[in-house]
Amino acid sequence: MSKQFDVVVIGGGPGGYIAAIRAAQLGFQVACIDEWKNAAGGPAPGGTCTNVGCIPSKALLQSSEHFDHANHHFAEHGISAKDVKMDVAQMLARKDNVVKQNNDGILYLLKKNKVTFFHGRGSFAGKADGGYEIKVAGKTEESITGKQVIIATGSNARALPGTPFDEVNVLSNDGALRLGGVPQKLALIGSGVIGLEMGSVWRRLGSDVTILEGLPTFLGAVDEQIAKEAKKAFDKQGLKIELGVKVGEIVNGKKGVTVNYTNAKGESVVLNADKLIISIGRVPNTIGLNTEAVGLQLDERGAIVVDADCKTNLPGVWAVGDVVRGPMLAHKAEEEGVAVAERIAGQHGHVNFNTIPWVIYTSPEIAWVGRTEQQLKADGVAYKAGSFPFLANGRARALGDTTGMVKMLADATTDEILGVHIVGPMASELIAEAVVAMEFRASAEDIARICHAHPSLSESTKEAALAVDKRTLNF
Ligand code: FAD
Ligand code: NAI
């Protein structure tokens, strides 16, 4: 007889493993199936995020930022560092070790919470008494049943038609995170989040980086003023970003990659590069799930169709994270995983899509929550805006990083905070205060009246709140 579980989670990324842990905390018998393999063929739970996404990219961003600081910023502190060299192999080994610590941590957490982990591919075999039969194909093959199933199978990099990833010259995020050396010339297609983060890593290490972007605007989803400020900083760093291009033929040859494209002026350009990273978005992953066996509904993008509560068209089958609608972010996947486990337990799990923060971990960092100025205008909302530059913040000056600003948008009548947009040092950490404030539906005045530690970057958030009422104290 097959093993029976209350909840079977397919996928062990941030959506899946967190859902499994929460379901186990709520008293269910839980199985979590994940197929990711480490170099030795062993289990490597954590999904895209841990293995080829959030974690390794941040490890490389950190290493390359240290290198950049040693080369360009130590001198102003009186530190001389001559002949600074980057050992790429060591940088990658450190990154791999950081990934492994996270893989091991997740295995430990699953065990601690008594979640049964299966290493292999999970697929629907059919309906079973009061639930679903799931086939697990790993080293061996077995069948388990779940009264409830949570699908968290994530996403894969989108390829350009006719240009498959070979992960040698034409790279997805996977190959981009394990380049054996610093390419002299690096081309990227797509100046979204991955393009900017990966472009920054390799530029800091010495690559001549060109990013080709199809849209005429830079970071269209970001508040215009913030995007403009960020673009200025990237231009200064030498990150070449060409907007409004139309990518044509791509030739993957022995000596590298040639990208033919038409620039915004309509001129034909040939770009030769040693490596090409394609970062044009990601596609939901339902490969191998055998959705047909149970009639699970997918949309035209291949995403699993869910309602606001992450319920699919099948009773007892839920889906969370990158494989469903909404932003492809690890913390969004986690929140959905928790909410679904709580709903299965009859509780009222909830994800507030209006307060999901975004962060781009470049230098300067870009972070935001809530609506942008252009969205508020489009929605016809009367608002007040206040901003405060890091140039006027004492801690930023002491850090030697005064790029950017905090910008706050509040309702013109009620003063409720509608959006906070940051470009600058530690924006990734600063945004948390704004998220909490918005979750509690705070007004700009609430933030302005709160005592913030001095000297701290967070004082800029307070000052931006004061600026909403046109009464900054330090600018
Ligand atoms: P995934 O993390 O993709 O996990 C899905 C898991 O399911 C995988 O382990 C997969 O092997 C497994 N699986 C799939 N099908 C099956 C099956 N049939 N049987 C068994 N297992 C299966 N987000 C952020 O919030 N912050 C960041 O800084 C950030 N950086 C990123 C950097 C890069 C380069 C990339 C590519 C992404 C980044 N993301 C970031 C996005 C983030 O990685 C995803 O949003 C997140 O991983 C989605 O979680 P998930 O659980 O839905 O899916
Ligand atoms: P993206 O959606 O952020 O950016 C893709 C870019 O490629 C867009 O600007 C788009 O206009 C452009 N593009 C699309 N097709 C094109 C074409 N044919 N020619 C030229 N340009 C083209 O996607 P990206 O960077 O691949 O990242 C995928 C997702 O992963 C992100 O949307 C995000 O959800 C997640 N992620 C999150 C990170 C974070 O939170 N810090 C870091 C990295 C990824």
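All values derive from a computational prediction rather than experimental measurement.

1. Digging into the domain arrangement of the protein
- Domains assigned within the protein are domain 1 (3-157 + 283-351), domain 2 (170-280) and domain 3 (355-468).
- Inter-centroid distance (C-alpha atoms) of domain 1 to domain 3 is 31 Å.
- With 9 residues of domain 1 at the interface, the matching set in domain 3 holds 6 residues.
- Counting the surface lost from both domain 1 and domain 3, the interface buries some 650 Å², and carbon and sulfur atoms represent 72% of this.
- The largest share of the area that domain 1 buries against domain 3 comes from Lys58, Leu329 and His331, three residues that together contribute 42% of it.
- Put simply, domain 1 and domain 3 have 0 salt bridges between them.
- For the pair domain 1 and domain 3, the interface holds 1 residue pair in polar contact (both at pLDDT 80 or more).
- When residues of the side of domain 1 that touches domain 3 are traced back to their parent elements, those giving at least two are α3 (54-72) and α8 (330-344).
- Per element, the largest residue contribution to the side of domain 1 that touches domain 3 is 3 residues, and it comes from α3.

2. Describing the sheet that holds strand β9 (residues 208-212)
- Strand order in the open sheet formed by 5 strands is β7-β14-β8-β9-β10, with parallel pairing between adjacent strands. Of all the strands in the sheet, the pair left with one neighbour each is β7 (170-171) and β10 (240-242).
- Strands β8 (185-189), β9, β10 and β14 (275-278) of the sheet are contacted by helix α6 (residues 193-204), whose axis makes an angle of about 165° with β9.

3. Some details on the site of ligand 1
- Around ligand 1 sit 38 residues in total, of which Asp34, Thr48, Lys58, Gly122 and Asp322 are the nearest.
- Thr48 places a polar side-chain atom, nitrogen or oxygen, 2.7 Å from an oxygen atom of ligand 1.
- In the complex, the protein chains occlude 94% of the 990 Å² of accessible area that ligand 1 would expose alone.
- Broken down by secondary-structure element, the contributors of at least two residues to the shell around ligand 1 are α1 (14-25), β2 (30-34), α2 (47-52), α3, β3 (116-128) and α8.
- Here the shell around ligand 1 gets 4 residues from one element, more than from any other, and that element is α2.
- A class-by-class count of the residues in the shell around ligand 1 yields 14 nonpolar, 18 polar and 6 charged.

4. Overview of the site of ligand 2
- In the vicinity of ligand 2, 22 residues are found, and the nearest of them are Ile194, Glu213, Gly281, Met328 and Val359.
- In the environment of ligand 2, an oxygen atom lies 2.9 Å from a nitrogen or oxygen atom belonging to the backbone of Ile194.
- For ligand 2, the accessible surface in isolation is 840 Å², of which the surrounding protein chains cover 75%.
- Residue assignment for the shell around ligand 2 shows that the elements contributing at least two residues are α6 and β17 (358-360).
- Ranked by residues supplied to the shell around ligand 2, first place goes to α6 with 4 residues.

5. Concerning the environment of Cys32
- Mapped onto the secondary structure, Cys32 falls in strand β2.
- Sequence-wise, Cys32 and Thr262 are 230 residues apart; in three dimensions their C-alpha atoms are separated by 47 Å.
- Setting aside residues no more than four positions away along its own chain, Cys32 makes contact with Val9, Gly11, Gly12, Ala20, Val115, Thr116, Phe117 and Phe118.

6. Description of the pattern of salt bridges
- For the structure shown, the criterion picks out 22 salt bridges.
- A salt bridge links Arg22 to Glu342; the nearest nitrogen and oxygen atoms lie 2.8 Å apart. Linking Arg22 in helix α1 with Glu342 in helix α8, this pair joins segments that are 320 residues apart in sequence.
- Given the relative accessible area of 16%, Glu342 is considered buried.
- Among the ionic pairs, Arg441 bridges to Glu416, the shortest N-O distance being 2.9 Å. Of the two residues, Arg441 sits in the loop between α11 (427-439) and α12 (444-448) while Glu416 sits in the loop between β20 (405-411) and β21 (417-424), which places them 25 residues apart along the sequence.

7. Considerations on the nonpolar core
- The biggest cluster of nonpolar side chains holds 35 residues, and the ones touching the most others in it are Leu196, Trp202, Phe218, Leu219, Phe234 and Ile366.
- For this core, the secondary structure elements donating two or more residues are α3, α4 (88-112), β8, α6, β9, α7 (224-237) and β18 (365-370).
- Judged by nonpolar contacts, the second largest core, of 29 residues, contains Phe390, Ala437, Met438 and Leu466.

8. Things to note about the packing of aromatic side chains
- Under the defined criterion, the tally for this structure stands at 5 aromatic pairs.
- On the numbers, 6.0 Å between centres and 90° between planes, the contact of Phe5 with Phe118 is edge-to-face. Taken together, the residues span a long stretch of sequence, with Phe5 in strand β1 (residues 3-10) and Phe118 in strand β3 at a distance of 113 residues.
- Overall, Phe5 belongs to the buried group, its relative accessible area being 7%.
- Residue Phe118 is classed as buried on the basis of its relative accessible area, which comes to 5%.
- Measuring from ring centre to ring centre gives 6.2 Å for Phe218 and Phe234, while their planes differ by 80°; the resulting arrangement is edge-to-face. Of this pair, Phe218 sits in the loop between β9 and α7 while Phe234 sits in helix α7, and the two are 16 residues apart along the sequence.
- Accessibility expressed as a relative area gives 9% for Phe218, which makes it buried.

9. Concerning the packing of α1 against α8
- In contact at an axis separation of 7 Å, α1 and α8 are set at 30° when each is read in the N-to-C sense. Considered as vectors, α1 and α8 are oriented roughly parallel to each other. In the crossing of α1 with α8, the sense of the turn from one axis to the other is right-handed. Packed against α1, whose contacting residues are Pro14, Gly15, Ile18, Ala19, Arg22 and Ala23, the element α8 presents Ala330, Ala333, Glu334, Gly337, Val338, Ala341 and Glu342 at the interface.
- Looking at the contact of α1 with α8 residue by residue, the class counts come to 8 nonpolar, 2 polar and 3 charged.

Reading guide: rules and limits
- Residues numbered from 1 in each chain as written.
- Chains lettered and ligands numbered in written order.
- Predicted model: local features only at pLDDT ≥ 70, side-chain atom pairs only at ≥ 80, totals over all residues.
- Heavy atoms only, no water.
- Domains from an automatic or database assignment.
- Contact = heavy atoms within 4.5 Å.
- Buried area = accessible area lost by both parts, 1.4 Å probe.
- Salt bridge = Lys/Arg side-chain N within 4 Å of Asp/Glu carboxyl O.
- Polar contact = N/O pair within 3.5 Å; in protein donor to acceptor, adjacent residues only side chain to side chain.
- Helix = DSSP H or I, 4+ residues; strand = E, 2+ residues; numbered from the N terminus.
- Pairing = 2+ DSSP bridges.
- Axes fitted to C-alpha atoms, helices over the stretch in contact; angles between N-to-C directions.
- Near = heavy atom within 4 Å.
- Areas by Shrake-Rupley, 256 points an atom, 1.4 Å probe, with all protein chains shown as cover.
- Nonpolar A, V, L, I, M, F, W, Y, C, P; charged D, E, K, R; others polar.
- Buried < 20%, exposed > 50% of the residue type's maximum accessible area, 1.4 Å probe, protein only.
- Core = buried A, V, L, I, M, F, W, Y, C linked by side-chain atoms within 4.5 Å.
- Phe/Tyr/Trp six-rings, centres within 6.5 Å; stacked < 30°, edge-to-face > 60°.
- Parallel < 35°, antiparallel > 145°, perpendicular 65-115°, else oblique.
- Left-handed = near helix turned anticlockwise from the far one by under 90°.

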